[in-house]
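This is what each chain is made of:
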Amino acid sequence: MNLDAKVNKKDLNWAELGFRYHKTDFRFSAVHSNGKWNDGELISDEIIAVHEGAPAIHYAQQCFEGLKAQTAADGRILLFRPDLNSERLNLAASRLLMPEVPRAMFLNAVAQTVRANYAWVPPYGSGASLYIRPMLIGIGENLGLKPAQQFEFRIFVSPVGPYYKEAGLAVISLAVSEMDRAAPNGTGCFKVGANYAGGLLATRKAQELGANEALYLDSAQHRYIDEAGSANIVIAMKDGGFVTPSSKAILPSITRRSIMEIAAQQLHLQTTERPIDLRAEVADFSEMAACGTAAVLSPVGKIWFDDQWHTIFADGQSVGPIMQEIYDLLVGIQKGELTDQYGWLHEVNI
Ligand SMILES: Cc1ncc(COP(=O)(O)O)c(C=O)c1O
């Protein structure tokens, strides 16, 4: 595809985009049947027509991923660690008895979809990015509780702005949920839709309390921090340590993994993954943040639990110096402004 001056960017108000679906021109679709994937193709129809008995619809036999493409100052289109999304999708696929999507097929399909929707990739400096949603669903006729015989791998993209309202670094608040997100030996560590439906009510209740999101504690004791509704948690401790929960029930966030490396290697902090007892340790928190592809790094100003707000940093509305520094380093790498010393970026050839 020759995309030079012939492809004009869409006339969108990039700076005002929320985290919403915008229909773009192309999506990728491949089907697995009789034990193998077809080649897949780019299509324009955003509607998926599946059988009314499809296991994806009844038994949530589906998983998905989320990653972003950004435009660098020199016009390159950059993906952030897409190989890890491929790996994580395949872990979920195996857990739900779905066929794996070969890594080369995944990366190729992501690149094709981004390339075909080049006009929708937000320009450098707009504060927006192209969100990429790969998904794997069990389709085809079925009734009883058993795996599908056919699967669709689809990728759609949508230009998006910040997940939380304000642009850049938004300070958020979390409310501890009385509901559980996932069980220790359940599917909490996989990115499967089944984990998210139950979270809708928890999120609504958190928002009714004035928080942005629910914060889940471990389901056995309601004591240790698990994660937020759509993001992992990282905490700078007053003793200089930098910690994140170890839990079998949380999604292993690619953003978190990257932040832990940045904190250790560039801020020279002592990083640890360990159980974090919220009530016992909150007084020792210096700064806290939620992190993920959508949330990027969002400092947590205050948390609601035991019928009151607990302020984490300063007035509960300011960004602390450690989270600011990590945010600048992470976003700088993602946008191609800083040297990618880790080899995290993957350029989409246009
Ligand atoms: C439940 C949950 N935790 C954490 C994350 C963050 O993961 P990542 O950094 O890989 O986007 C997400 C979504 O992206 C999520 O849905």
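Think of each chain on its own: its residues are numbered from 1, step by step along the sequence as written. Note on the predicted model: pLDDT of at least 70 is required for a residue's local features to be given, and 80 or more for side-chain atom pairs to be given and counted; whole-chain, interface and lining totals, by contrast, use all residues.

Caption draft 1: Highlighting the overall build of the chain. Every helix listed is a DSSP run of H or I at least four residues long, and every strand listed is a run of E at least two residues long, numbered separately from the N terminus. A tally of helices and strands in the chain yields eight helices and 18 strands. With the radius of gyration taken over C-alpha atoms, the globule rule is written as 2.2 Å times the number of residues to the power 0.38. In summary, the chain has a C-alpha radius of gyration of 20 Å against a globular reference of 20 Å for 350 residues, a match within 12%. Overall size of the chain, expressed as C-alpha extent along the three principal axes, is 55 × 55 × 35 Å. For every residue, the other C-beta atoms within 10 Å of its own C-beta are counted; 20 or more classify it as buried, 12 or fewer as exposed, and values in between as partly exposed. C-beta atoms are placed from the backbone. Counting across all 350 residues of the chain, residues that qualify as buried make up 44%. Any two residues are considered in contact once their C-beta atoms, placed from the backbone, lie within 7 Å. Residue pairs at least 24 apart in sequence account for 70% of intrachain contacts in the chain once pairs closer than 6 positions are excluded.

Caption draft 2: Here's a closer look at the site of the ligand. Around the ligand sit 13 residues, and of these S253, I254, T255, G292 and T293 come closest. If one sorts the elements of the shell around the ligand by residue count, helix α6 (residues 254-265) sits on top with three residues. Its residues assigned to classes, the shell around the ligand shows four nonpolar, seven polar and two charged. Here, nearness is defined through the C-beta atom: a residue counts as near a molecule or strand if that backbone-placed atom lies within 6 Å of it. Classification used: nonpolar for Ala, Val, Leu, Ile, Met, Phe, Trp, Tyr, Cys and Pro, charged for Asp, Glu, Lys and Arg, polar for all others including Gly.

Caption draft 3: Examining the packing of α6 against helix α8 (residues 321-334) more closely. Direction vectors running N to C along α6 and α8 enclose 115°, while the axes themselves pass 10 Å from each other. Crossing of α6 over α8 shows right-handed handedness. Across the interface between the two elements, S258, I259, I262 and A263 from α6 touch I326, L329 and L330 from α8. Grouping the amino acids of the contact of α6 with α8 by side-chain chemistry returns six nonpolar, one polar and no charged. Think of each axis as a best-fit line through the C-alpha atoms, taken over the contacting stretch in the case of a helix, with angles from 0 to 180 degrees between the N-to-C directions. Each crossing gets its hand from how the near helix is turned against the far one by less than a right angle, where anticlockwise is left-handed and clockwise is right-handed.

Caption draft 4: Representation of the domain arrangement of the chain. A domain assignment, automatic or from a database, supplies the domain bounds used here. When its domains are assigned, the chain resolves into domain 1 (14-161) and domain 2 (172-334). Each partner contributes residues to the interface: domain 1 has 19 residues there, and domain 2 has 11 residues. Listed by contribution, the elements that provide at least two residues to the side of domain 1 that touches domain 2 are β4 (62-64), β5 (67-71) and α2 (82-95). The biggest single contributor to the side of domain 1 that touches domain 2 is α2, with six residues. Its residues placed into classes, the side of domain 1 that touches domain 2 shows 10 nonpolar, four polar and five charged.

Caption draft 5: Representation of the packing of α2 against helix α3 (residues 103-116). Remark: α2 packs on α3, axes separated minimally by 10 Å, with the N-to-C direction vectors making an angle of 125°. The pairing of α2 with α3 is recorded here as oblique in orientation. Every pair of crossing elements has a handedness; the one defined by α2 and α3 is right-handed. Residues P82, D83, S86 and L89 of α2 pack against R103, F106, L107 and V110 of α3. Tallied by class, the residues present in the contact of α2 with α3 amount to five nonpolar, one polar and two charged. Should an angle fall under 35 degrees it is taken as roughly parallel, and over 145 as roughly antiparallel, whereas 65 to 115 is taken as roughly perpendicular and any remaining angle as oblique.

Caption draft 6: Local environment of the pairing of strand β16 (residues 296-305). For β16, a buried count of eight out of 10 residues is recorded, marking the element as mostly surrounded by other parts of the structure. Paired strands, in this sense, are two strands between which DSSP finds at least two bridges. Alignment of strand β9 (residues 172-176) against β16, held across four bridges, turns out to be parallel. Looking at the pairing, A175 lines up with W304 of β16. By the bridge criterion, four bridges tie strand β15 (residues 285-292) to β16 in an arrangement that is antiparallel. Pairing of G292 across the sheet is with V296, part of β16. What sits between β15 and β16 in their antiparallel hairpin is a turn of three residues. In this structure, β16 lies alongside strand β17 (residues 308-311), joined through four bridges in antiparallel fashion. If you follow F305 over to β17, its bridge partner there is Q308. In textbook terms, the turn of a hairpin is the stretch between consecutive antiparallel strands, and for β16 and β17 this stretch comprises two residues, one of which, D306, has a positive phi near 50°.

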